[in-house]
6 protein chains.
Amino acid sequence: MDVFDLPAVDDLVRAALAEDLGAGDLTTRLTVSPQTPARAEISPKEAVVIAGVPLIAKICAAAGGRVSVTPQVADGTRLEPGTLVATLAGPAQTLLAIERVTLNLLQHLSGIATLTARFVAAVAGCKCRIVDTRKTLPGLRVLQKYAVRAGGGFNHRLRLDDGILIKNNHITAAGGITAAVAAARAGAPHGLKVEVECTTFEEVDEALRAGAEIILLDNMSVAQLAEAVQRIGGRAVTEASGGIALDNVRAIAQTGVDIISVGKLTHSAPAVDLHMTLFLQ
Amino acid sequence: MDVFDLPAVDDLVRAALAEDLGAGDLTTRLTVSPQTPARAEISPKEAVVIAGVPLIAKICAAAGGRVSVTPQVADGTRLEPGTLVATLAGPAQTLLAIERVTLNLLQHLSGIATLTARFVAAVAGCKCRIVDTRKTLPGLRVLQKYAVRAGGGFNHRLRLDDGILIKNNHITAAGGITAAVAAARAGAPHGLKVEVECTTFEEVDEALRAGAEIILLDNMSVAQLAEAVQRIGGRAVTEASGGIALDNVRAIAQTGVDIISVGKLTHSAPAVDLHMTLFLQ
Amino acid sequence: MDVFDLPAVDDLVRAALAEDLGAGDLTTRLTVSPQTPARAEISPKEAVVIAGVPLIAKICAAAGGRVSVTPQVADGTRLEPGTLVATLAGPAQTLLAIERVTLNLLQHLSGIATLTARFVAAVAGCKCRIVDTRKTLPGLRVLQKYAVRAGGGFNHRLRLDDGILIKNNHITAAGGITAAVAAARAGAPHGLKVEVECTTFEEVDEALRAGAEIILLDNMSVAQLAEAVQRIGGRAVTEASGGIALDNVRAIAQTGVDIISVGKLTHSAPAVDLHMTLFLQ
Amino acid sequence: MDVFDLPAVDDLVRAALAEDLGAGDLTTRLTVSPQTPARAEISPKEAVVIAGVPLIAKICAAAGGRVSVTPQVADGTRLEPGTLVATLAGPAQTLLAIERVTLNLLQHLSGIATLTARFVAAVAGCKCRIVDTRKTLPGLRVLQKYAVRAGGGFNHRLRLDDGILIKNNHITAAGGITAAVAAARAGAPHGLKVEVECTTFEEVDEALRAGAEIILLDNMSVAQLAEAVQRIGGRAVTEASGGIALDNVRAIAQTGVDIISVGKLTHSAPAVDLHMTLFLQ
Amino acid sequence: MDVFDLPAVDDLVRAALAEDLGAGDLTTRLTVSPQTPARAEISPKEAVVIAGVPLIAKICAAAGGRVSVTPQVADGTRLEPGTLVATLAGPAQTLLAIERVTLNLLQHLSGIATLTARFVAAVAGCKCRIVDTRKTLPGLRVLQKYAVRAGGGFNHRLRLDDGILIKNNHITAAGGITAAVAAARAGAPHGLKVEVECTTFEEVDEALRAGAEIILLDNMSVAQLAEAVQRIGGRAVTEASGGIALDNVRAIAQTGVDIISVGKLTHSAPAVDLHMTLFLQ
Amino acid sequence: MDVFDLPAVDDLVRAALAEDLGAGDLTTRLTVSPQTPARAEISPKEAVVIAGVPLIAKICAAAGGRVSVTPQVADGTRLEPGTLVATLAGPAQTLLAIERVTLNLLQHLSGIATLTARFVAAVAGCKCRIVDTRKTLPGLRVLQKYAVRAGGGFNHRLRLDDGILIKNNHITAAGGITAAVAAARAGAPHGLKVEVECTTFEEVDEALRAGAEIILLDNMSVAQLAEAVQRIGGRAVTEASGGIALDNVRAIAQTGVDIISVGKLTHSAPAVDLHMTLFLQ
């Protein structure tokens, strides 16, 4: 059972169709007969890492169930321009009605997978993971984080309820790193590690003494990161965040950090160019 | 009554909070007392055209209503880095809980407004409009199209039910441009104009003869666009689409087209960098 | 893909069943065995224009999917009393459970189609369209407007977001017809025509000068309508509204107006009499 | 706590606004400033029994909460044309945006109340009740049945789960009236009476012997009804249904039946004519 | 059509899956291949009266529809430990994903059925019914009341809208039992009996005189109940409530009351122990 | 911001009211005037640990907002019988309408808190935590897990997406404990510890070697648990589960396990007895 079988994804697909169709596809109703059959092919116009292929069948099912879908590639595959992603067959009216919703979703998710794959490739050979953040768009988090995995990345926590990440304000409110970590360990579910955001070496030292299991090194220079990793010496998992880009990610990875978290994977990945070609029959 | 008073926006805000909070903000619950008050300030770290400011109060209301929000700027304003967008005051727990959802929405909408404003600036002095498309993300269309307006752009149709846009497949299915336009005019609500997508001058001529009120000139070169505009000579509204970018939009505008539609305004605008600073009291 | 494949129609059907069934059909549970099979026939007891036939299969699917439905006529057909509309076969328990919801919807939609057809017949030979309004019942607009089309009528705008209709209050607020039309044209999506409601000839003249593309002639007498149509002379589409009834609609049509909008098509059409006969087996 | 405080009514109001507003009131946004204040008055143009007045405040709250509403009359009151129903004050934009939804609901509910009151008046002095049926429109049952009460009528069962009404098919399936009534009494919640639909005197006799507490006399002539009432002699509550109209309801009432159920109260009541007058300030 | 075909049950199943799965079953995704097939068997580890078997197929359908379910027993059957309840076959990933939701529901409903059956057995041979109350858990009432029936019990009213039960506060507010009963009879739908809660014999007498059709004898001792039943002498249905337990229910039944209502059937029934065994293939 | 401010809790409250009220409280409408004011007091009839007090105000708000609520105690407090939990003031109609929903929720949550507190008291002085499981009821998990915390317990994972718990079937599918742990560590978010369910000492040894961070000791005897804890010697967190009851939990705790998980906290806690007394004014 994958993410596409979740009831929430079904709800999202139905909402997307409702949003785009409103009372129905007016142009198509007026110009295309309900009896006209058609085939369609989806393919990229640029090199992409594809994500979201199983959504096509879900969208067609939600649009009345008269279209058959044959996926041609698996999510996470790197495709050259023109590669066939999926073929569809059914009433031309329905294929026209679902085109935009289908492409909107696939272009966005494949955009995330493609950008993630570029970050992953940039750190090839290093031991670190590229991970996402909670900087996602409303309603799309589960699919966006799936697309990160399709691109070879990993997920950070999903929500505010499934991870302990003690930041500056928590530290201030709790009265210091030591107190904050103690409070977190005293109350957190036993399956969660405690992560502490640090911006100085003193904070790193205190966090380690307090028992932090993950140290988030925020907005440090490459040199600072290298020194922090050294200092931590494997006593905690290390995560770098802030200002990560394709042109500095390899240098950051080479500092030895375990995790590099990249907000732009989900908040700023440009859509890739996918196309649906229709063949009326 | 603006877009932020729509019940659907309230639903979106609640869904966004539910998605990020799950069972609640675990780290904050364990490290911050419910009694701790705080203030917060939201401001950009780069120059932006802001959009979504009224959402802040809606998010705080949906999170229990204990936070007061004072907007400092109006949507559509161009802000320098560091300008105060809004101040918030209330329980530190709530401010921490709503931070990510608030920033995710504002960064995305302001990203769209900022990108739109760049396109609008690029065609300054030309008579054309920069308009959006249906290439939006599920659940976000109303807000994304609002953000385009905040950036100085205009909206194309909202859905498949509120505009007539006859494309290639409709033409084939209907048996030609003339037949398609006739069918559309015979059935379309009387308040809608008929738009026809054309890729050749012959199609343009036939569409005009058939009574098309808007001609969509798809993927034409600047030279072709100029000739098409000339040929149409004001007999129909002209719209250019396909391959529009910041570095070619002015040349396209100078062909005299009325409308330039840009998919990337909504599908690929990078998030802008906004920040929420918390002051514990 | 027609209106019955919209996710919103599926939601409506499920809500209708939930509303009528509550915790289930008590009488049927106590008196009819789950194993008893049955057939059912739906037919009108009076002459009707039928609308909503595809809903029968949707309702049965939403009620557990054990009933097969065979439609016998297409929506928009004029039926004599006793004509078979559809046959159903499945568990008697389910047929009894869905009877009322099915008839309630079909009787209402067919009532609208039948009344619309009477208005359409009344203006036979005239060039005008009979159109609906936004005077619909909550949750039913898409289906009610569909039923108007099934009866041979046309649709006015669907919502407040897909048409420009400048009324008296807009004119006052904007500072006159000229200013209101200018503001509308400056901001409206390019695919929408601008319509202005006028009650005097002076207003008609100003609206035309301002560039109105549709003139709504509100609550005028037949004589006034004829003079207005003359005066406009084809420079704008003309629409008559207010006080339209079966006994005056032909006279109004003969004034030469293009559009006659009739609120009662949707707000006051009486239900037609449909019946479901069950055959236990 | 009345029907208007039910969460379901709040949901209905929000759905009605969403359906009519879509992405917002375009004409108003373009022609009316958000700062323009206004007052509005709602009043009937014909004599009505009003129903739904508390909805006005609910609608305004759901539309952002910036409009104050002052009801002037209570539901169930008979109003002469021109009587003030309610006054509203707030932003002109919001008043324009909620006008249609408000009137649509009030016109429909007052239509039901007004028609019910005519039936109630027609049987004045008789001991019988005028009651509604399950012939309602999807999503509106609770409000429609409320409107029947506002007009002086009474409610039949709300759903299939809160009443026992044994009809012809239940009788056939159970193997006769005696068996059907026995099965119903054996399983029905102890607070529900058993009602049996009869079309002949033999059925009436068997139903009484079987212990039916209510006899539904379906589609009988006035003479048959009178004889049936006589025969039953107070041993069961009597209900007449089928073919009830304003011109025969008094004769039916005079047969002595206890209950007269009228489907058209909810499925065919024409909307009454209400008007909202706006005063820009 | 049974309770499991209600749209509301489908909604509940989807919500239950969403609540347990969140973004998906992480452990299973990481350790089990999507291609691994499996079979599963559900059986009790203790003697139970089973309830909820049809839910298994509904849950599997809502989880993507790749699992086939073969029920082995009918709801309401008494099962010895180890009896096969149902077999399932499909992807191991899906079977693992639905296990907990399935067992949670079946264990709870079977717990209610099992406890109800113990109460029913305790009054074997007496004429009284064991009935439930409105003391149920949010969202589960329809299924909980179904489980009571599966255990041999009966249902009291479902909601506040489908029964008349006049309690102490209603009596005070109405100005006495006589007034309260009169008001209820004057307004209640004709299919509902009027029930009055009494705690003294004087109240019983007044309720009978006022025309109460059911007398709820609240928190009376066995001796008092016996005297009350005697006094009422069949003039009304009698219901005992308050402090009913397995060790006193038979004595209460032997007083001759018609109905014994037991809150703990739904608010305190312990879950029974069911198990799902998986066989990887 | 606590759990009661979550939009999902608001949805639950509204659904609970809708489920109990249906079309409204019929008895109250007929016997109590809308103008009658009242006060109410909620208090327990037995010793309880209270949970859910903030829900009372949320329920009253969702029922129209005319009732003021004054909580008298905080959640998690141990109360003697008769202690005042909260006072309410408002229309008698509303207080009667919300009574059952309010008590149902508070009785259930306080039942969980009370049972949890008994388990916590039973292990007083031991270092172990009492934790809950995923054996919860649909729609109620967040509140049930909150109630466990109110009773002094701790939470296990919330859903299948926020914890790694490798059970028998995962081990089989992955090809052994070592492979399963490796797969989990390779893919799991870095903030989650890997937990492995073991039933033999050999499995414990393999899990430790594989790097398991938590060992779930399932259905072991007290002696086996003691030996397992010894053997693990602090190299992993230890959790005991299966067959935990009030009469053996202290012996289990004394084996030195860190965590004792108890399904019955949420699936079988009996409701406590709370009462709402109404004072009409």
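Here the structure is a predicted model, which is why all the values come from computation and not from measurement.

*Asks:* Requested: an account of the sheet that holds strand β11 (residues 259-261) of chain E, with residues and values cited.
*Replies:* Residue and element names in this part refer to chain E. Strand order in the open sheet formed by six strands is β6-β11-β10-β9-β8-β7, with parallel pairing between adjacent strands. Taken across any chain shown, the strands that pair with only one partner, and hence form the sheet edges, are β6 (129-131) and β7 (164-166). The sheet shows a mean angle of 25 degrees between the axes of neighbouring strands, direction not considered. Here three bridges tie β6 to β11, and the two strands are oriented parallel to one another. Counterpart to Ile 130 in the pairing with β11 is Ile 260. Along the sheet face, helix α7 (residues 177-187) touches β7 and β8 (194-198) and points at about 160 degrees away from the line of β8.

*Asks:* Give me the lowdown on the relation of the copies chain A and chain B, citing residues and values where you can.
*Replies:* Mapping chain A onto chain B calls for a screw motion: a turn of 180 degrees about the axis and a shift of 0.0 Å along it, with 0.0 Å RMSD after fitting. In short, the pair behaves as if placed about a two-fold rotation axis. Counting the interface residues of chain A, we find that 100% of their copies in chain B are interface residues as well, pointing to one common contact surface.

*Asks:* Mind laying out the domain arrangement of chain A, listing which residues take part and the relevant values?
*Replies:* Interfaces are often sized by the amount of accessible area the parts lose when they come together. Residues and elements named next belong to chain A. Taken domain by domain, chain A holds domain 1 (3-120 + 269-280) and domain 2 (125-267). Once you take the C-alpha centre of each, domain 1 and domain 2 turn out to be 35 Å apart. Residue-level contacts link 24 residues of domain 1 with 23 residues of domain 2. For the pair domain 1 and domain 2, the two sides together bury roughly 1,800 Å², of which 79% comes from carbon and sulfur. The largest per-residue losses of area from domain 1 upon contact with domain 2 belong to Ile 112, Thr 116 and Phe 119, which jointly make up 35% of the total buried on that side.

*Asks:* Got a sec to walk through helix α9 (residues 222-232) of chain C? Specific residues and values, please.
*Replies:* All names here are of chain C. Of the residues making up α9, those classed as buried are Leu 225, Ala 228, Val 229 and Ile 232. Viewed along the axis of α9, the buried residues span an arc of 100 degrees, placing them on a single side of the element. Counted as exposed and oriented over 90 degrees from the buried face of α9: Ala 223 and Gln 230. Residues of α9 that are buried sit in contact with α8 (201-210), β9 (214-218), β10 (237-241) and α10 (249-253). Two residues or fewer after α9 comes Gly 233, characterised by a positive phi angle close to 55 degrees.

*Asks:* Please provide a residue-by-residue account of unusual backbone geometry, values included.
*Replies:* For residues that are not glycine, phi is negative in most cases, and the peptide bond is trans in most cases. Its identity is not glycine, yet B:Asn219 carries a phi of approximately 55 degrees, on the positive side. Position of B:Asn219 among the secondary structure elements: in the loop between β9 (214-218) and α9 (222-232).

*Asks:* How would you sum up the relation of the copies chain E and chain F? Please name residues and give values.
*Replies:* The transform that puts chain E on chain F rotates by 180 degrees and translates by 0.0 Å along the axis, for an RMSD of 0.0 Å. A high fraction, 100%, of the interface residues of chain E reappear at the interface in chain F, so the copies pair face to face through one surface.

*Asks:* Please give an account of the interface of chain A and chain B that cites residues and values.
*Replies:* Listed by partner, the interface residues are 56 residues for chain A and 56 residues for chain B. Around 4,700 Å² of area is buried between chain A and chain B when both sides are counted, 61% of it from carbon and sulfur atoms. Taken as a group, A:Glu19, A:Pro138 and A:Leu160 account for 15% of the area that chain A buries against chain B, more than any other trio of residues on that side. Across the contact surface, chain A and chain B share four salt bridges. Note that B:Asp20 is salt-bridged to A:Arg134, the shortest N-O span being 2.7 Å.

*Asks:* Account for the environment of A:Gly125, with residues named and values stated.
*Replies:* Residue and element names in this part refer to chain A. Relative to the helices and strands, Gly 125 resides in the loop between α4 (92-122) and β6 (129-131). Assessed through its relative accessible area of 83%, Gly 125 is described here as exposed. Taking the C-alpha atoms as reference, Gly 125 lies 40 Å from Ala 40; in sequence the two are 85 residues apart.

*Asks:* Please give an account of the sheet that holds β6(A) that cites residues and values.
*Replies:* Residue and element names in this part refer to chain A. Strand order in the open sheet formed by six strands is β6-β11-β10-β9-β8-β7, and the pairing between neighbours is parallel. Looking at the sheet topology across the chains shown, the edges are occupied by β6 and β7 (164-166). Mean inter-strand twist for the sheet, computed between neighbouring axes without regard to direction, equals 25 degrees. Contacting β8 (194-198) and β9 (214-218), helix α8 (residues 201-210) runs over the sheet at an angle of about 165 degrees to β8.

*Asks:* Provide a residue-level description of the arrangement of the chains, including the pertinent values.
*Replies:* Between chain B and chain E there is no contact; the minimum C-alpha to C-alpha separation amounts to 9 Å. No part of chain C reaches chain F; the closest C-alpha pair between them is 9 Å apart.

*Asks:* Provide a residue-level description of the packing of aromatic side chains, including the pertinent values.
*Replies:* Per the stated rule, a full pass over the model turns up six aromatic pairs over all chains. Seen from their ring centres, E:Phe4 and E:Tyr146 are 4.8 Å apart, and the 80 degrees between their planes marks the pair as edge-to-face. Within this pair, whereas E:Phe4 is found in the segment before α1 (7-21), its partner E:Tyr146 is found in helix α5 (residues 141-150), the two being separated by 142 residues in sequence. According to the relative accessible area criterion, E:Tyr146 is buried, its value standing at 14%. Of note, A:Arg129 hangs over the ring of A:Phe154, and the distance from its end group to the ring centre comes to 4.0 Å.

Scoring rules and cut-offs
- Residues numbered from 1 in each chain as written.
- Chains lettered and ligands numbered in written order.
- Predicted model: local features only at pLDDT ≥ 70, side-chain atom pairs only at ≥ 80, totals over all residues.
- Heavy atoms only, no water.
- Pairing = 2+ DSSP bridges.
- Helix = DSSP H or I, 4+ residues; strand = E, 2+ residues; numbered from the N terminus.
- Axes fitted to C-alpha atoms, helices over the stretch in contact; angles between N-to-C directions.
- Contact = heavy atoms within 4.5 Å.
- Least-squares fit on C-alpha atoms with pLDDT ≥ 70 in both.
- Domains from an automatic or database assignment.
- Buried area = accessible area lost by both parts, 1.4 Å probe.
- Buried < 20%, exposed > 50% of the residue type's maximum accessible area, 1.4 Å probe, protein only.
- Arc of directions from axis to C-beta.
- Salt bridge = Lys/Arg side-chain N within 4 Å of Asp/Glu carboxyl O.
- Phe/Tyr/Trp six-rings, centres within 6.5 Å; stacked < 30°, edge-to-face > 60°.
- Lys NZ or Arg CZ within 6 Å of the ring centre and 35° of its normal.

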